[in-house]
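Here are the chains, one letter per residue:
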Amino acid sequence: MHKPQLTSIASALLAIGAISTFNLAAAAEADDKKDTGLTEVIITAQKIAQPASKTPLALSVVSGEDLKNAGTVDPRALAATLPNVEIAQESGMLQVSIRGVTSLDMTEKGDPSAAFHIDGAYVPRYEAQAVAFYDLDRIEVLRGPQGTLYGRNATAGAINLITNKPTRKLEGKVGFELGNYNTRRYDGVLNIPLGDVWAFRAALNANKHDTYLNPGPNKIPLESQDDQSARLHLLGKFNADTSLLLTAEHNKIGGGGVSPVPLTNFFNGTPTGTLPFTAPGRGNDLLNPVYVDRGADAQRTAGWEFKADNTKPRDNFANSLRAEFKTVLAGTELTYQAAQMRMHTNQTNNGVYFGFPFTNSNNGDSKALSHEFRLNSTGNGALRWVAGFYHFDESVFRDAQYNTYVTAPFGQLVVNLPFLASINNKSKAVFGQATYSLREDTRLTMGLRYTKDRKSGYDPLSGEAATPPATTSSKAYSEDVSFNNTSWKVGIDHDLMRNVMLYASVSTGYKSGGFNAERDTGIYQPETLKSFETGVKGRFLENHLQVSANVFYYDYKNQQMTITTCRTNDPATCHSFTSNAANSVVKGAELEGKLKVGDNGELRATAASTDAHYKDYHPSSTIDYSGKKLDRAPSTTIALGYTHHFPLSNGGEVTANLNTRHSTSYYLSDPTQDIRYRQPSFHKSDASIGYESPDAKWNVQLFVKNIENEITLQSRVPGSFFISDPRTYGVRAAYNF
């Protein structure tokens, strides 16, 4: 196994930790001043409020203060602080991988492997997940299958964004950020109490920056960001036990069209996946790829021209309405949550195919409606439980055009693959989980969820234009499939001492099955994952040190593998297919820790070691991936961070923040060609320093992210990669009133 080498930043952070631990132990004997140590975070990961340190599962909590200090406004930056979590983007959509478990079907018929939620409401569309990272109280990230409480499509885990809610205080904030690449970010918050019962909170956010790519031969606008978001909360607290929260959100997603970079920016190799008249050095893949570090400027150059008439920017929006009612009846808490999300997609993606310019235009709408009704126990009795019913209904329509602009000796032509897909997803579930205290220090947890899914779809074209007067093509499909699943969990946790808990569990997860978007290409069954996990959580040194550690083992079956393959050497015969092609084994260990350093410092560390490999996977009759590593699953990741507050004599405060993360290598593959692209090991670091006024009315912060200017591979499409962001820096300021 590759042994990570510590950077100078990481070495400095470790030295700070060692010195701080010594000083902390010495100071504890000499200082009688009351110090409560690290703040205990109350979370709702198991659908009821409880301390994170008493929740017997692998989870990470990032507080709003942590997000502020780190300057995190992008979900991909979130992964830098989490063990075994990788968040990438493909074609402008989030691609979440947790412990090597991910989904590669980013189409309208695909489902994610990590369940993404905002205030407990499921967000089904990839395109809408990246725009909610503002005015947050905390983010909860659950690693491992969450089949019992989160249901379908949570084989990898779950991510829940918890927003700030209205308070009984009249207050507000305005802020801005200016940075390189013409970055302009603005945000504002206004909180207003309305009488004795109601309170209102409005949050606004705008993110804009120019492209991070060098244009190369391109004259057209490349990928950029131009998003605007607004969130309105109205909270009524009728008494101590009864409340109603109403939420409306509007997110506009704009900017230049999605743009990848050529494989040859990172690798040498022999082009394959070509036509007889493809230009030299181009193709869908590279045989025997060898990584070559050409430097950040070359790596982020769009070196192949995109289609010149593709000047249409993204013009997407996602609107949400949510309602949550809570009350207590006869000692039982009742929660009802309804959520509706409407999304309109209108964007064109750039690319290359067989070495020629390629565009993918997507236009369509989706509507999702969910209901969840829960009952849970209250108080601190021997039995604590939660039970409920869940209903989900989603309709998606996509008018998509895939065009390859071919220049050949006999002239120019456009290979067009049109789609008019209508998809409907329905899901119903009943669930329950109970924890019983076998004795004062030992608890048994059992959970069960039954899910019934139905997915139907119709496309009269499915990649082939109809020949008039016909309105359907030979590839047209109509499918209607149903699946059901029973997920379960059994766990036990034990208080080894007052602030140290041991736990062990066996749990399962389930990802719904589906169908392929072409006639007679079959359906695929659900994938399932069984997890064995044991861990420890503890608070030490009078709550100045928090540590959690765990080991896990996955039995991952009927893994849904999505590939793009061509029947012949012709773009018109290419299609994306999903099948239950693999079984895998994933095992590893994770460690998270926080240390309070004196009164003003905090040292953070995470580490993960993972062995994720295919147990049985044959992409074709001649290709065997059995025993090979899963994609996007580095063997080792280590992250270190330190924040220090420097009180000033005038009552103000300076806060310095430093984070660094090291990752060993991982792969992105094209299994149909038996080609694996290896991203070498790397490290990235962020730093910031800020000042807050004595009255806490205003603050200013200087920051730099990705100090090393390390460009890494995030996802692969034929001929190209989507890549990480380069070094960014700037200043942000805010005024509170």
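Computed from a predicted structure; not experimentally measured.

Student: Looking at this structure, I do not really get the pattern of salt bridges. What am I missing?
Tutor: It is possible for side chains bearing opposite charge to pair when their charged atoms get close. Overall, the coordinates contain 39 salt bridges when judged by the stated rule. Put simply, D495 and R443 hold a salt bridge, and the shortest N to O gap is 2.8 Å. One end of the pair, D495, is in strand β24 (residues 477-497); the other, R443, is in strand β23 (residues 442-459), and 52 residues separate them in sequence. The buried category is assigned to R443, whose relative accessible area is 11%. D674 is paired through a salt bridge with K628; the nearest N and O atoms lie 3.6 Å apart. Of this pair, D674 sits in the loop between β34 (666-670) and β35 (675-679) while K628 sits in the loop between β31 (601-617) and β32 (636-647), and the two are 46 residues apart along the sequence. Through salt bridges with shared partners, a single network forms among R99, R143, E533, E590 and E592.

Student: Just checking my understanding: could you explain the sheet that holds strand β9 (residues 157-163) for this structure?
Tutor: Where strands meet in a sheet, backbone hydrogen bonds hold them as pairs that are either parallel or antiparallel. Strand order in this open sheet of five strands is β3-β8-β9-β6-β7, and the pairing throughout is mixed. With partners counted over all chains shown, the strands left at the sheet margins are β3 (59-63) and β7 (121-122), one partner each. With two bridges joining them, strand β6 (residues 114-118) and β7 adopt antiparallel strand pairing. Bridge pairing links I118 to A121 in β7.

Student: Please explain the pairing of strand β38 (residues 713-717) as it appears in this structure.
Tutor: The side chains of a regular strand alternate, first on one face of the sheet and then on the other. Across the five residues of β38, five count as buried, placing the element largely inside the fold. Note: β38 against strand β39 (residues 720-723), four bridges, orientation antiparallel. Along β39, the bridge assignment pairs L713 with I723. From the end of β38 to the start of β39, which pair antiparallel, there are two residues, and G719 there has a positive phi angle of about 85°.

Student: What is the right way to read the sheet that holds strand β15 (residues 261-262) from this model?
Tutor: Sheet architecture is open: three strands sit in the order β15-β39-β38, paired in antiparallel fashion. Strands with a single pairing partner mark the edges of an open sheet, and in this sheet they are β15 and β38.

Student: Quick question: what am I supposed to make of the nonpolar core here?
Tutor: Soluble globular proteins: nonpolar side chains tend toward being buried together. Counting 43 residues, the largest nonpolar core has L78, F116, I139 and L161 as its most contacted members. The greatest single-element share of this core, amounting to four residues, is contributed by strand β29 (residues 545-566). Not counting the four nearest positions on each side in its chain, L161 is found in contact with F116, H117, I118, D119, A132, F133, L136, R138 and I139.

Student: How should the packing of aromatic side chains be read in this particular structure?
Tutor: Each aromatic ring pair is summarised here by two numbers: the centre-to-centre distance and the angle between the ring planes. Scanning all chains against the criterion turns up 24 aromatic pairs. Measuring from ring centre to ring centre gives 5.9 Å for F266 and F721, while their planes differ by 90°; the resulting arrangement is edge-to-face. On the criterion of sequence distance, the pair formed by F266 in the loop between β15 and β16 (267-272) and F721 in strand β39 is long-range, its members being 455 residues apart. The two residues F266 and F721 agree in class, both being buried. Members of the aromatic cluster, joined through ring pairs, are F266, F267, Y291, Y677 and F721. One cation-aromatic arrangement involves R231 over Y134; the distance from NZ or CZ to the ring centre is 4.2 Å. Across the ring face of Y667, the terminal group of R676 is positioned such that the distance to the ring centre comes to 4.5 Å.

Student: Explanation requested: the environment of L438 in the structure shown.
Tutor: Relative to the helices and strands, L438 resides in strand β22 (residues 411-439). Put simply, L438 and A382 are 56 residues apart on the chain and 7.9 Å apart in space, counted from C-alpha to C-alpha. Among residues more than four places away in sequence, those in contact with L438 are R443, L444 and I492.

Student: Looking at this model, I keep getting lost on the confidence of the model for the protein. Mind explaining?
Tutor: Regions with low pLDDT carry predicted coordinates that are not meant to be interpreted in detail. For the protein, per-residue confidence averages 91 on the pLDDT scale, and residues scoring 70 or more make up 95% of the total. When the criterion is pLDDT under 50, residues 16-33 qualifies, and its contacts beyond four places in sequence or with other chains add up to 12 contacts.

Student: Could you clarify how one ought to interpret a nonpolar patch on the surface in this entry?
Tutor: Judged by side-chain polarity, F325, Y336, F373, L375, F389, V430 and Y450 come together as a nonpolar surface patch covering roughly 560 Å² of accessible area. By secondary structure assignment, the location of V430 is in strand β22.

Student: Would you take a moment to explain unusual backbone geometry for this structure?
Tutor: With an omega dihedral of 5°, the bond running from P468 to P469 counts as a cis peptide bond. Among the structural elements, P469 can be located in the loop between β23 and β24. Even without a glycine there, the phi angle at L541 is positive, about 50°. Within the secondary structure, L541 sits in the loop between β28 (527-540) and β29. A relative accessible area of 42% places L541 in the partly exposed class. Although it is not a glycine, N558 adopts a positive phi angle of roughly 55°. Along the chain, the position of N558 falls in strand β29. N558 sits in the partly exposed class, given a relative accessible area of 35%.

So, how was this worked out
Residues numbered from 1 in each chain as written. Predicted model: local features only at pLDDT ≥ 70, side-chain atom pairs only at ≥ 80, totals over all residues. Heavy atoms only, no water. Salt bridge = Lys/Arg side-chain N within 4 Å of Asp/Glu carboxyl O. Helix = DSSP H or I, 4+ residues; strand = E, 2+ residues; numbered from the N terminus. Buried < 20%, exposed > 50% of the residue type's maximum accessible area, 1.4 Å probe, protein only. Pairing = 2+ DSSP bridges. Core = buried A, V, L, I, M, F, W, Y, C linked by side-chain atoms within 4.5 Å. Contact = heavy atoms within 4.5 Å. Phe/Tyr/Trp six-rings, centres within 6.5 Å; stacked < 30°, edge-to-face > 60°. Lys NZ or Arg CZ within 6 Å of the ring centre and 35° of its normal. pLDDT = per-residue confidence, 0-100. Patch = residues over 30% accessible without salt bridge, like charges linked within 9 Å, V, L, I, M, F, W, Y side chains within 5 Å. Areas by Shrake-Rupley, 256 points an atom, 1.4 Å probe, with all protein chains shown as cover.

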